[in-house]
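# Examination of the molecular architecture
The primary structure of each chain is shown beneath.
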Amino acid sequence: MSTVEAMRTKASAIDDAARRFAALGEPVRLALVARLAGGAALSIATLAAATPVTRQAVARHLGVLEQAGLVSAERVGREARYRLQPAGLAATREWLDQAAAQWDDALVRLAAHLDE
Amino acid sequence: MSDTIERTVTLAAPPERVWRAVSDHHEFGQWFRVALDQPFAVGTPSTGRVTYPGFEHLPWEAEVVAIEPLRRLAFRWVPGIPEPHETLATSPSTLVEFLLEPEGGGTRLTVRESGFGKLPPDKRIEAMRMNSQGWDEQIGNVRAHVDG
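Here we summarise the structure given alongside this text. (Residues numbered from 1 in each chain as written. Chains lettered and ligands numbered in written order. Predicted model: local features only at pLDDT ≥ 70, side-chain atom pairs only at ≥ 80, totals over all residues. Heavy atoms only, no water.)

Quick look at unusual backbone geometry now. Residues and elements named next belong to chain B. The phi torsion at Arg33 lies on the positive side, around 80°, for a residue other than glycine. Position of Arg33 relative to the elements: it lies in the loop between helix H2 (25-32) and strand E2 (34-36). A relative accessible area of 31% places Arg33 in the partly exposed class. Positioned with a positive phi, Leu70 is a non-glycine residue whose angle comes to about 70°. By secondary structure assignment, the location of Leu70 is in the loop between strand E4 (59-68) and strand E5 (72-77). (Helix = DSSP H or I, 4+ residues; strand = E, 2+ residues; numbered from the N terminus. Buried < 20%, exposed > 50% of the residue type's maximum accessible area, 1.4 Å probe, protein only.)

To continue, consider the pairing of strand E3 (residues 45-50) of chain B. In the case of a regular strand, side chains alternate between the two sheet surfaces. All names here are of chain B. Where E2 meets E3, three bridges bridge the pair, whose relative direction is antiparallel. The residue bridging Val34 from the neighbouring strand is Val50, located in E3. Relative to E4, E3 is paired through five bridges, and the arrangement is antiparallel. Paired with Arg49 across the bridge in E4 is Pro59. (Pairing = 2+ DSSP bridges.)

Attention now goes to the nonpolar core. Here is a general trend for soluble globular proteins: nonpolar side chains tend to be buried in one another's company. Membership of the largest hydrophobic core comes to 39 residues, with the highest contact counts inside it found for Trp103(A), Phe28(B), Trp31(B), Phe32(B), Trp60(B), Phe75(B) and Phe98(B). Here this core gets nine residues from one element, more than from any other, and that element is helix H6 (residues 86-115) of chain A. Among all residues touching Phe75(B), those that are not within four sequence positions of it are Phe28(B), Trp60(B), Ala62(B), Glu63(B), Val64(B), Val65(B), Thr94(B), Leu95(B), Val96(B) and Phe98(B). Residues Ala23(A), Leu47(A), Leu65(A) and Tyr82(A) belong to the second largest nonpolar core, which totals 19 residues. (Core = buried A, V, L, I, M, F, W, Y, C linked by side-chain atoms within 4.5 Å. Contact = heavy atoms within 4.5 Å.)

Within the secondary structure, Ala22(A) sits in helix H2 (residues 13-24). Owing to a relative accessible area of 36%, Ala22(A) belongs among the partly exposed residues under this scheme.

As structure tokens, this is what we get:
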């Protein structure tokens, strides 16, 4: 599949990538991602204890991260716990790599055009 | 995470020739594979249709932000292959810059696409830069940063 085709097959790829970049660009969310990087599924209460913001704020931030595909929620008894989804970060990197490959292709075409 | 892509090539053609290939809308279209409706001009929307094989007739839309002859052409666009509803008015956009420098008798051309995450410089955390150091170490750096 060509680079261009790969980017086309994912519906709203731009929105997905933008959501991930925006999610990672906020300090509290970055801290939550760091906290979850140990691999464990953690509750909102546990995560809130480690950050200087309210539980409601943490819940909101986790919602943003979940929407961006960077964390996933699971139920353990009555409690919601959150787990990091490393694939979300990998997808972001992959998006950048694909965009860069498109530019590589474009520059090849420019060089060929200038040689004509 | 860095959201900038940069590629640099050295071209044998002199800057005047490369500048024309980049800034003349007909010529740009020939190699970029787009049919543009109007010349590039700051403050004038750039519209047209993609002519890239397999993607013909997809719309092209850009907003030219800078034209510095022989040095820099910059425009904003919606990256990737936008869905019909994803226009400059409604979707995240990136800044594309073509930067020209003379090199010998030829031209050093850099293309840079940036701003996707729209992260203000003071909020970027260097430790999150994805590089060969590996994810675990980066997370350790972030943890130390936010805990410090």
